[in-house]
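# Chain and residue survey
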Amino acid sequence: MADVTNATSENPAGTEGKLVPVKWYRSVFYNATILGLCSFAAPGLWGAMNSLGAGGAQSPYLVNTGNALTFCLMVISCWLTSAIVKYIGITGALFVGTIGYAPYSAGLYLNNRYGVEWLVIVGAAFCGISAGIFWASEAAIAIAYPEPRNRGRMVAYWLTWTRIGQILGGAVNLGLNADRNQAGKVSYTVYIIFIALQASGTLVALLLNRPSQVQRSSGTPVQLTIFDNPWQEIRATTRTFFTKKFLFIVLWIGQAVYSEAVFFTYNALWFSVRARALGSFLSGIVAVICGNLLGVWLDQHHISLKKRSRRAFIVIMTLQGAWWLWLAVNVTEYRRTQPIFDWSDPGFGRAFGVFIFLVSGFQLNYNFSYFIISQISTNPQETIRLAALLRGTESAWQAVSYGLNAVPIIASVGGPYINFGLWGISILPAWLVIKNFGVNSDKTDVENHVEAQEGDLRKEQGSD
């Protein structure tokens, strides 16, 4: 059986409270850092380019078409990841997952400098095939490797690296384009830097420890197992998708990730080059702060799981609703007036602020989605399936989002309206899942499952 990951829980026998010495290069923090560096180099810099608006291009429509293709292919590769990991392991999956990002950036570079369009589509296809494997494997690692008591903070720490890619990209682009107060495309030098950094991520992935090598301070092992038969694993993943607990969060996942194409297109349509770069830089910083604060809150185990989950959900969804209302008002007006905002223009703050908040909301939703998956998983094998389904579902929604935002009327006003509607209809189904967290006990489903297994084992041993 391949060496793969699955979430284990707090040790009910009480070893979770006793810290054991670990080697730094086998620690959870080390592996979270390696995972973070891979996320920085791959999806982080992908996000950095898209946070500039349309991948830094002057018009968003070709790039949105390419991104739609990327996410369509990611749905398939995410779905197959648990079977692929059986043969190449989680480290191999992470390695393969990083390969397609540099060709994507190369396509944007040639389009930016020479007007070549075909490589944008081909690069997007390469990215989609590999990125789905990367997304599913990194999600499983992020959920499975940390001790449950530190999972919220470790997930926030890992996601911070993704936003650091956006922050760095924004800073580089801001430095190169600080004097460009008109609409247009970014300097092609930015793409050369990004391609080099993305290529380095492939080598960094090889430094990740296998699950059996990871040493937790609690002494509990990381157990990630899958079926020997890949077809059986694919069928099990499909069955998991149709469970009530997952189907009820599909719309919630949609309202969370559909927004990426919406706010990046908004940034491309209504702001100057240097304002777009400033947005990429500042929104990344604010998102990092918000995501880590949420991680700290979710790890406050002296507060009941019921309170932590419900309060986080209510705050996130209330803020999201306010921001979508703000954006809907803005784009309705801008569709009529057709402005291009620079940071020295009247009305810039009102136009710019909502972009910052929506990027932060995207980060909060991302962080909370991993919390939800860790709660609804009922056994170690299911964690990797749910992680793959989460990322596959995200990809499907983003394929729809980027595809629709390639249509000018959707890009300018339709996208925010659609996302506002998705937000509204997703609240009740998601609440029907969230409200069950911590109701019977202040433990996750996985932890209850493991405790029951160990209790049965102790009974068997006692009867011998």
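What you see is a predicted model; the values in this text were computed from it and never measured.

Rules and cut-offs
- Per chain, residues are indexed from 1 in the order of the written sequence.
- Where local features are concerned, this predicted model is filtered to residues with pLDDT of at least 70; where side-chain atom pairs are given and counted, the filter is 80 or more; whole-chain, interface and lining totals use all residues.
- Here the side-chain values reflect all heavy atoms present in the structure, with hydrogen atoms and water set aside.
- When a carboxyl oxygen of Asp or Glu lies within 4 Å of a side-chain nitrogen of Lys or Arg, that pair is called a salt bridge.
- We count a stretch as a helix when DSSP gives it H or I for four or more residues in a row; a strand needs E for two or more, and each element gets its number in order from the N terminus.
- Only protein chains enter the accessibility calculation, which uses a 1.4 Å probe. A residue is then buried if its area is under 20% of the maximum for its type, exposed if over 50%, and partly exposed in between.
- Put simply, buried Ala, Val, Leu, Ile, Met, Phe, Trp, Tyr and Cys residues joined by side-chain atoms within 4.5 Å make one nonpolar core.
- Here, two residues are considered to be in contact whenever any of their heavy atoms come within 4.5 Å of each other.
- Patch definition: residues above 30% relative accessible area lacking any salt bridge, with like charges linked at up to 9 Å and the nonpolar side chains Val, Leu, Ile, Met, Phe, Trp and Tyr linked at up to 5 Å.
- Computed with the Shrake-Rupley method and a 1.4 Å probe, the accessible areas treat only the protein chains shown as cover for residues.
- Given the number of residues in a helix, its expected span is that number minus one, multiplied by 1.5 Å.
- Bend angle per residue: angle between axes fitted to the 7 residues ending at that residue and the 7 residues starting there.
- Each cavity reported here is a set of points on a 1 Å grid over the protein atoms alone in which a 1.4 Å probe fits but cannot get out, each pocket an open set with protein on both sides within 12 Å along at least five of seven lines, and each lining residue one with an atom within 4 Å of a point.
- Grid points are joined across faces, edges and corners, and a volume is the space filled by probe spheres set on the points.
- Polarity classes work like this: nonpolar for Ala, Val, Leu, Ile, Met, Phe, Trp, Tyr, Cys and Pro, charged for Asp, Glu, Lys and Arg, and polar for all others, with Gly in that last group.

What follows covers the pattern of salt bridges. Going through the model one piece at a time under the given rule, you end up with six salt bridges. The closest approach of N and O atoms between Arg274 and Asp342, which form a salt bridge, is 2.5 Å. Taken as a pair, Arg274 in helix H11 (residues 273-298) and Asp342 in the loop between helix H12 (305-337) and helix H13 (348-376) lie far apart in primary sequence, 68 residues in all. Each member of the pair, Arg274 as well as Asp342, carries the same accessibility label: buried. Taking the shortest distance from any N to any O, the salt bridge between Arg391 and Glu394 comes out at 2.8 Å. Of this pair, Arg391 and Glu394 both sit in helix H14 (residues 380-404), three residues apart, which is roughly one turn of the helix. Among the residues examined, Arg391 registers a relative accessible area of 1% and is labelled buried. Beyond isolated ion pairs, a larger network of salt bridges with shared partners links Glu138, Arg391 and Glu394.

Moving on, we get to the nonpolar core. Within the largest apolar cluster, 122 residues are counted, with the highest numbers of intra-cluster contacts made by Phe246, Tyr266, Phe271, Phe368 and Tyr370. A total of 17 residues in this core trace back to one element, the largest contributor, which is H13. With near-sequence residues (within four places) excluded, Tyr266 lies in contact with Phe271, Leu327, Asn330, Val331, Tyr334, Ala351, Val354 and Phe355.

Attention shifts here to a nonpolar patch on the surface. Residues Tyr87, Ile88, Val96 and Ile99 make up a contiguous nonpolar surface patch of about 370 Å² in total accessible area. Summarising the element assignment, Val96 is placed in helix H2 (residues 61-98).

What follows deals with helix H4 (residues 118-144). Its 27 residues give H4 an end-to-end C-alpha distance of 39 Å, which sits within 8% of 39 Å, the value for a rise of 1.5 Å per residue. The sharpest bend along H4 measures roughly 30 degrees and falls at Ser130.

Under the defined criterion, the tally for this structure stands at three cavities of 30 Å³ or more. Empty space within the largest cavity amounts to approximately 250 Å³. Surrounding the largest cavity, 22 residues form its lining, Pro43, Trp135, Thr162, Glu260 and Tyr366 being those nearest its centre. Of all the elements in the fold, those that place two or more residues in the lining of the largest cavity are helix H1 (28-51), H2, H4, helix H5 (151-177), helix H10 (259-270) and H13. For the lining of the largest cavity, the element with the most residues is H5, which contributes five residues. Partitioned by chemical class, the residues of the lining of the largest cavity number twelve nonpolar, six polar and four charged. For the second largest cavity, the calculated volume is near 70 Å³. Broken down by secondary-structure element, the contributors of at least two residues to the lining of the second largest cavity are H1, H4 and H5. Of the residues forming the lining of the second largest cavity, the biggest block, four residues, is contributed by H1. Residue composition of the lining of the second largest cavity, grouped by class: ten nonpolar, one polar and no charged.

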